[in-house]
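Coordinate inspection notes
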Amino acid sequence: MAELKLEFDRFFEPILDKAVIRNNIDFQKGIYFWFVNEASLNRLNIPINSNLHWVYRNNQTLYLIYIGIGPSNQNVRRQFLKDRITKCHLGKHINQSTLRQSISALLEHRPYNKMVGQNMKIFIEKDLESEITDFISNGFSLGVLGHDEPWSIEGEFIHNYNPPINLSGNQNGWFYNEMSLRRATHRAIGAEDIRES
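The structure contained in this document is the topic of the report that follows. Remember, it's a predicted structure, so these values are computed and weren't measured experimentally.

Definitions and cut-offs
Residues numbered from 1 in each chain as written. Predicted model: local features only at pLDDT ≥ 70, side-chain atom pairs only at ≥ 80, totals over all residues. Heavy atoms only, no water. Salt bridge = Lys/Arg side-chain N within 4 Å of Asp/Glu carboxyl O. Helix = DSSP H or I, 4+ residues; strand = E, 2+ residues; numbered from the N terminus. Buried < 20%, exposed > 50% of the residue type's maximum accessible area, 1.4 Å probe, protein only. Pairing = 2+ DSSP bridges. Contact = heavy atoms within 4.5 Å. Axes fitted to C-alpha atoms, helices over the stretch in contact; angles between N-to-C directions. Core = buried A, V, L, I, M, F, W, Y, C linked by side-chain atoms within 4.5 Å. Polar contact = N/O pair within 3.5 Å; in protein donor to acceptor, adjacent residues only side chain to side chain.

**Considerations on the pattern of salt bridges**
On inspection of all chains with the given rule, the structure shows 8 salt bridges. For glutamate 131, the salt bridge goes to arginine 43, with nearest N and O atoms at 3.0 Å. You can see glutamate 131 sitting in helix H5 (residues 126-139) and its partner arginine 43 sitting in helix H2 (residues 38-43), a full 88 residues away along the chain. The partner of glutamate 129 in a salt bridge is arginine 100, with the nearest N and O atoms 2.9 Å apart. You can see glutamate 129 sitting in helix H5 and its partner arginine 100 sitting in helix H4 (residues 98-106), a full 29 residues away along the chain. Each of the two residues, glutamate 129 as well as arginine 100, counts as buried. Residues joined in a network through salt bridges with shared partners are Arg22, Asp83 and Lys87.

Printed below as a string of structure tokens:
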């Protein structure tokens, strides 16, 4: 394992509060890093591995599991950094966040699909959505770096740190095959349970 030697512009530890995050990030664009302690890593069934990167905060080791950006590219006019974190990852629906979908898959939730407008989307029961939100709020930490073009650096960070939950741009990651299988199984279960809108 290697220490993640980054100087974050902001670092948030549990309990994560949307208002606190919003009020303490003063830039619109950037890259963010989700960390968990060993107990949360075990709950996700992600093994302690020599490829995990970590930071040490408040007398505990926090393991990097996911990297994201906001916005996703230069043409996006919505989902700036704070919205991506608070409305999507700390939001109410797994279909708005790949992080939430992956957590749901790792926790072996049973999803279902339904049409929303013209698109088929994946859902889980409301109590399971609340479980994910509570899990992130109480078990995850968040490091944030401001950057005017986060899409230009995301790939390099994912390549260098191989966070286990990231799939895009992480095909050589040490947990990629397992995470891909979990996500595919999760989607397949959802596709077998199609419900009315």
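**Quick word on the sheet that holds strand S6 (residues 112-116)**
The sheet built from 3 strands is open, its strands ordered S7-S6-S9 with mixed pairing. On the outer flanks of this sheet lie strand S7 (119-123) and strand S9 (194-195), each paired with one strand and no other. Sheet analysis places S6 next to S9, joined by 2 bridges and oriented parallel. When the sheet's bridge partners are listed, asparagine 113 is paired in S9 with isoleucine 194. Relative to S6, helix H7 (residues 176-191) is tilted by about 65 degrees, and along the sheet it contacts S6, S7 and S9.

**Examining the nonpolar core**
Counting residues in each nonpolar core, the largest one holds 35 residues, and the members touching the most others are Trp34, Ile65, Ile85 and Phe140. Counting residues per element, the ones that place at least two in this core are strand S3 (30-36), strand S5 (60-70), helix H3 (81-89), H4, H5 and strand S8 (140-146). By residue number, the principal contributor to this core is H5, which donates 4 residues. When residues no more than four places from it in sequence are discounted, the contact partners of phenylalanine 140 are Pro14, Leu16, Trp34, Phe35, Val36, Leu44, Ile65, Ile103 and Phe135.

**Brief notes about the environment of asparagine 24**
Tracing the backbone shows asparagine 24 in the loop between helix H1 (18-23) and S3. Sequence separation of asparagine 24 and glutamate 149 is 125 residues, and the distance between their C-alpha atoms is 20 Å. When near neighbours in sequence (up to four residues on either side) are disregarded, asparagine 24 contacts Arg10 and Phe12. Within polar-contact distance, the side chain of asparagine 24 engages the backbone oxygen of valine 20 at 2.7 Å.

**Considerations on the pairing of S7**
Across 5 bridges, the pairing between S6 and S7 is antiparallel. Bridged to valine 116 within S7 is asparagine 119. Hairpin connection of S6 to S7: 2 residues between the antiparallel strands, including glycine 117 at a positive phi of 65 degrees.

**Quick look at the pairing of S5**
The two faces of a sheet get side chains in turn, since along a regular strand they alternate between them. Burial runs high along S5: 9 of the 11 residues are buried. As paired strands, S3 and S5 are joined by 7 bridges and run antiparallel to one another. Its bridge partner being in S5, phenylalanine 35 is matched across the sheet by leucine 64. Summarising the sheet, strand S4 (residues 53-57) and S5 pair through 4 bridges and their orientation is antiparallel. Residue pairing in the sheet places tyrosine 56 in a bridge with threonine 61 of S5. Connecting S4 to the next strand, S5, in antiparallel fashion are 2 residues, including asparagine 58 with a positive phi near 45 degrees.

**Considering H3**
Inspection of H3 places Leu81, Arg84, Ile85, Thr86, Cys88 and His89 among the buried residues, and these make up the whole buried set. Contacts from the buried residues of H3 go to H1, S3, S5, H4, H5 and S8.

Note that all results are geometric; they support no functional claim without further evidence.
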